[in-house]
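What follows is the residue order along each chain.
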Amino acid sequence: MSMKIQFGILNLFLLMIGSVMVVGEEKLPNDIRWIRQSIEYRTLCEQLFRQATVVILRKVKTEKNSDNLAVVVDLDETVLDNSLYQVERWKAGLSFTQDSWSEWVNREEAGLVSGAKEFLKAVRKKGVRVVFVSNRMNKNLEPTRRNLLALEVLAPNDLFLLRLDKDDVKEVRRREVNEGKARMKKVGPLKVVGYVGDQMGDFPSGQAKEFGKTSFLLPNPMYGKW
Ligand SMILES: [Mg+2]
């Protein structure tokens, strides 16, 4: 066989392997790929949680009354990593629906956002109450608790304010935490020394200068109200 034909066959072979690889491993969209594969995302989250720990614990030290302090922490893409749900929906050519989301939540397969575990441990150690304020529906509280428990980020003292209905926005729940009313009546008013989340709705509005001081924002390029 001549050299030229041999090269021709080799090229054809390589071309075939190449196309099989492209079809078999279709690249995830940048947003999901960045969350699932980049070291930058992981490092940013760890950095954010470390900074939040330092700033919040410094504040705790200066508080005279330290038994009513709390951090308000979001769940999805703050403590829980749901990028697998995003991968599955994308592969199926589908987008977010409330039903598929609820199904995912009930599978209890969310992963852990890097740095969250250490942060929660550190603030609890100083007696700061962890209040999870999440837009997961309250009917899915138990699978959510079990998922957190399996990831070792749940403590018996933690509180949950999940969403009851459409009107039960986070602003309403933050007020209950601050004023010790409604669902927080038994606990009483808490002084929030830190908010952690990945959406602007996770933070009190109109307080842009609080970021890095009381409010700590994680990156989430996969979804949001933008
Ligand atoms: Mg979130």
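Just so we're clear, the structure is a prediction, and the values are computed from it rather than from any experiment. (Residues numbered from 1 in each chain as written. Predicted model: local features only at pLDDT ≥ 70, side-chain atom pairs only at ≥ 80, totals over all residues.)

Caption draft 1: Broad picture of the overall build of the protein chain. Looking only at helices and strands, one finds 8 helices and 7 strands in the protein chain. Out of the 226 residues in the protein chain, the part that is buried amounts to 29%. (Helix = DSSP H or I, 4+ residues; strand = E, 2+ residues; numbered from the N terminus. Buried ≥ 20, exposed ≤ 12 C-beta atoms within 10 Å, placed from the backbone.)

Caption draft 2: Molecular detail of the environment of Met-200. Within the secondary structure, Met-200 sits in the loop between strand 6 (191-197) and strand 7 (215-217). Note on Met-200: 13 C-beta atoms within 10 Å, which makes it partly exposed. The sequence separation of Met-200 and Ser-215 amounts to 15 residues, and the corresponding C-alpha distance is 9.9 Å.

Caption draft 3: Structural view of the pairing of strand 4 (residues 129-137). Burial analysis of strand 4 places 7 of its 9 residues in the buried class, which makes it a mostly covered element. In this sheet, strand 4 lies alongside strand 1 (residues 69-73) in parallel orientation, the contact comprising 4 bridges. Bridge assignment links Val-72 to a residue of strand 4, and that residue is Val-131. Considered for its hand, the β-α-β crossover made up of strand 4, helix 7 (residues 141-150) and strand 5 (residues 159-163) is right-handed. (Pairing = 2+ DSSP bridges. Right-handed = clockwise from strand over helix to strand, strands pointing away.)

Caption draft 4: Highlighting the sheet that holds strand 4. Strand order in the open sheet formed by 5 strands is 5-4-1-6-7, with parallel pairing between adjacent strands. Lying at the two open borders of the sheet, with one neighbouring strand each, are strand 5 and strand 7. Shown here is a sheet whose adjacent strand axes are inclined to one another by a mean of 20 degrees, direction ignored. (Axes fitted to C-alpha atoms, helices over the stretch in contact; angles between N-to-C directions.)

Caption draft 5: Representation of the packing of helix 3 (residues 39-62) against helix 6 (residues 116-125) within the structure. With their axes 9 Å apart at the nearest point, helix 3 and helix 6 run at an angle of 10 degrees to one another. Of the possible angle classes, the one that applies to helix 3 and helix 6 is roughly parallel. Taking contact as the criterion, the partners of Phe-49, Ala-52, Thr-53, Ile-56 and Leu-57 in helix 3 are, on helix 6, Ala-116, Glu-118, Phe-119, Ala-122 and Val-123. (Parallel < 35°, antiparallel > 145°, perpendicular 65-115°, else oblique. Contact = placed C-beta atoms within 7 Å.)

Caption draft 6: Quick look at the pairing of strand 5. Here 4 bridges tie strand 4 to strand 5, and the two strands are oriented parallel to one another. Each residue of the ladder has a partner; that of Val-131, found in strand 5, is Leu-159.

Caption draft 7: Spotlight on the nonpolar core. Counting residues in hydrophobic clusters, the biggest one holds 38 residues, and the most contacted among them are Ala-70, Val-71, Val-72, Val-73 and Val-131. In terms of residue count, helix 3 provides more of this core than any other element does, 6 residues in total. Among all residues touching Ala-70, those that are not within four sequence positions of it are Val-128, Arg-129, Val-131, Val-177, Leu-190, Lys-191 and Val-192. (Core = buried A, V, L, I, M, F, W, Y, C linked by C-beta atoms within 7 Å.)

Caption draft 8: Expanded view of unusual backbone geometry. Non-glycine residue Glu-77 carries a positive phi angle of around 65 degrees. Mapped onto the fold, Glu-77 is located in the loop between strand 1 and strand 2 (80-81).

Caption draft 9: Broad picture of the environment of Lys-126. By the element assignment, Lys-126 lies in the loop between helix 6 and strand 4. By C-beta crowding, Lys-126 is classed as partly exposed, having 15 other C-beta atoms within 10 Å. Residues Lys-126 and Ser-66, spaced 60 residues apart in sequence, show a C-alpha to C-alpha distance of 8.8 Å. Beyond its immediate chain neighbours, meaning those up to four positions away, Lys-126 contacts Leu-57 and Val-60.

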